[in-house]
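Here's the letter readout for the chains.
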Amino acid sequence: MNYFKLFIFLLVTLISCKTEEKQKQVTNSKITKTDFIIAFGSCNNQNLPNTLWKEILRNNPDVWIWGGDVIYADTENMNYLEQNYLQQKNNNDYLNFSKNIDVLATWDDHDYGMNDGGAGYPKKAASQQLFLDFFNIPKNDERRKQEGVYFSKDFTVINKTIKVILLDTRYFRSALTPDTETKKRYKPNKYGEGTMLGETQWNWLKDQLENSKASYTIIVSSIQFLSSQHGFESWGNMPHEVAKLESLIKTTNSKNVIILSGDRHIAEFSKKNIEGLNYPLIDFTSSGLTHSYTNYSSEPNKYRVGSVVSKKNFGILKLNLKTNTIIMEIRGENNKLYETLTQNYK
């Protein structure tokens, strides 16, 4: 009987030690977590199959970022716009995806309400409220009161901050210059003419960068920043605004800035070395969640790294905060990896 009691005692002690060891392993795993995973994408037609949400989740993202064109509803009829938002909101695949993940968003032209639309869209104030309704933004949120949907949020992981800045390249954007001489849609405005963000948003962005202690800054622009030779919408339509943002990044000593963009129905990496920055500026474009530029053959981009992906796609950024390395991936159906870019930061 004594031997039996001794056996039970030793067994219980052994189980207790194993349980404590596992608990320590779990705790240490949380303490030493070095990865933060960002998933993003754009151009999602609510009338087409939403096939990528389950694939995105396979990458275990900490946050999902909409880069624009949450839906397609070019209209000045706000009832019609609202119904299209509700259709996407009630999509079962998206509903299951979005309920357990932090979702951030900006808009582009087709959810804004006007193809290639800018400041002249007459329903932009009403459209903004419907956009915010889609994301269940509280009525007392600052975005309900301001003009434009620009927004920022900080994420802190192992005492490092990742700042996500979402720009609004629609609400204030000046008119573009049509190209009547070539097959391109637009040509650059005369240097100094026009604004991409408007004075209020530019001042807000400056404040965000000047007062940031972030180790990484993710700037979300619905349109491409570096690639501009294609002749469609891009920051290159206003070269002075490109110079202004690059200068702002330098003068504010912003650390490790990466730009995420969409709009183009393709995915690609663009990289530019800028004098005065101790890291290259990367513009990671991911576009085409439900449809893509399947007829793509080629187009110039002097900053391109790797190959263009013209299939449906989403973007993944894997931040290792211990090694200061970011692995950027273009993925698609069946979570297939199409292109990858690794950047080491200081």
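Preceding this section is the structure that the text describes.
These numbers come from a predicted model, not from an experiment. (Residues numbered from 1 in each chain as written. Predicted model: local features only at pLDDT ≥ 70, side-chain atom pairs only at ≥ 80, totals over all residues. Heavy atoms only, no water.)

Some words on the pattern of salt bridges
So, point 1. Across all of its chains, the model carries 17 salt bridges by this definition.
So, point 2. As a salt-bridge pair, E299 and R264 come within 2.9 Å of each other at their nearest N and O atoms. With E299 in the loop between β11 (281–285) and β12 (304–309) and R264 in the loop between β9 (257–261) and β10 (267–272), the pair connects residues that are 35 residues apart, well separated along the chain. R264 matches E299 in its accessibility class, with the two residues each being buried.
So, point 3. The closest approach of N and O atoms between R331 and E329, which form a salt bridge, is 2.8 Å.
So, point 4. With a relative accessible area of 12%, R331 lands in the buried category.
So, point 5. Counted as one network, the salt bridges with shared partners bring together D108, R170, R173 and E233. (Salt bridge = Lys/Arg side-chain N within 4 Å of Asp/Glu carboxyl O. Helix = DSSP H or I, 4+ residues; strand = E, 2+ residues; numbered from the N terminus. Buried < 20%, exposed > 50% of the residue type's maximum accessible area, 1.4 Å probe, protein only.)

Points about the side chain of S287
So, point 1. Of note, S287 is situated in the loop between β11 and β12.
So, point 2. A relative accessible area of 0% places S287 in the buried class.
So, point 3. In this structure the side chain of S287 is engaged in a polar contact, spanning 3.3 Å, whose partner is the backbone nitrogen of R264.
So, point 4. Engagement of the side chain of S287 in a polar contact is seen with the backbone nitrogen of H265, the distance being 2.6 Å.
So, point 5. Not counting chain neighbours up to four residues away, the residues in contact with S287 comprise S42, C43, G262, D263, R264, H265, I266 and N313. (Polar contact = N/O pair within 3.5 Å; in protein donor to acceptor, adjacent residues only side chain to side chain. Contact = heavy atoms within 4.5 Å.)

With respect to the environment of G231
So, point 1. Within the secondary structure, G231 sits in the loop between β8 (216–220) and α8 (239–251).
So, point 2. Accessibility expressed as a relative area gives 4% for G231, which makes it buried.
So, point 3. Each C-alpha atom of the pair G231 and T342 lies 28 Å from the other, and the pair is 111 residues apart in sequence.

Overview of empty space enclosed by the protein
So, point 1. Enumeration according to the criterion identifies 1 cavity of 30 Å³ or more in this entry.
So, point 2. One number sums up the size of the largest cavity: a volume of about 30 Å³.
So, point 3. Along the walls of the largest cavity sit N44, N50, T51, L52, W53, L289 and T290, which together make up its complete lining.
So, point 4. For the lining of the largest cavity, the residue count by class is 3 nonpolar, 4 polar and no charged. (1 Å grid on protein atoms, 1.4 Å probe; cavity = no way out; pocket = protein on both sides within 12 Å on 5 of 7 lines; lining within 4 Å. Points joined across faces, edges and corners; volume = space filled by probe spheres on them. Nonpolar A, V, L, I, M, F, W, Y, C, P; charged D, E, K, R; others polar.)

Considering the pairing of β10
So, point 1. Summarising burial for β10: 5 of the 6 residues are buried, a large majority.
So, point 2. Summarising the sheet, β10 and β12 pair through 3 bridges and their orientation is antiparallel. Looking at the pairing, S270 lines up with R304 of β12.
So, point 3. Both β10 and β11 contribute to a ladder of 5 bridges, which runs antiparallel. Note on β11: the bridge partner recorded for E268 is T285. (Pairing = 2+ DSSP bridges.)

Examining the packing of aromatic side chains
So, point 1. Counted under the stated rule, the structure contains 25 aromatic pairs.
So, point 2. Their ring planes at 55° and their centres at 5.0 Å tell us that W53 and Y94 sit as a pair that is tilted. Residue W53 is located in helix α2 (residues 53–57), and its partner Y94 is located in helix α4 (residues 92–98); the two are separated by 41 residues in the primary sequence. This pair shows no difference in class: W53 is buried, exactly as Y94 is.
So, point 3. Among the aromatic side chains, those forming a connected cluster through ring pairs are W53, W64, W66, Y85, Y94, F97, W107, Y112, Y121, F131, F134 and F135.
So, point 4. R143 extends its terminal NZ or CZ atom over the ring of F151, reaching a point 3.5 Å from the ring centre. (Phe/Tyr/Trp six-rings, centres within 6.5 Å; stacked < 30°, edge-to-face > 60°. Lys NZ or Arg CZ within 6 Å of the ring centre and 35° of its normal.)

Digging into the layout of surface pockets
So, point 1. Of the pockets and cavities examined, the largest pocket occupies roughly 330 Å³.
So, point 2. Mapped by element, the contributors of at least two residues to the lining of the largest pocket are α4, β3 (102–105), α6 (124–134) and β4 (151–157).
So, point 3. Considering each element in turn, the lining of the largest pocket owes the most residues, 4 residues, to β3.
So, point 4. Looking at the lining of the largest pocket, its residues break down into 13 nonpolar, 2 polar and 4 charged.

Here we look at the environment of G262
So, point 1. By the element assignment, G262 lies in the loop between β9 and β10.
So, point 2. The sequence separation of G262 and N77 amounts to 185 residues, and the corresponding C-alpha distance is 25 Å.
So, point 3. Excluding its chain neighbours within four sequence positions, the residues that come into contact with G262 are S42, S221, S222, Q224, T285, S286 and S287.

Side note on the sheet that holds β10
So, point 1. Spatially, 7 strands are ordered β4-β5-β8-β9-β11-β10-β12 in an open sheet, and the strand pairing comes out mixed. Strands with a single pairing partner mark the edges of an open sheet, and in this sheet they are β4 and β12. Across the sheet, the axes of successive neighbouring strands diverge by a mean angle of 15°, strand direction being ignored.
So, point 2. Looking at chain direction, β4 and strand β5 (residues 160–166) are connected through 7 bridges and run antiparallel. Looking at β5, one finds that K153 is bridged to V164.
So, point 3. The sheet contacts of helix α7 (residues 198–210) involve β4, β5 and β8, and relative to β5 the element is tilted by about 175°. (Axes fitted to C-alpha atoms, helices over the stretch in contact; angles between N-to-C directions.)

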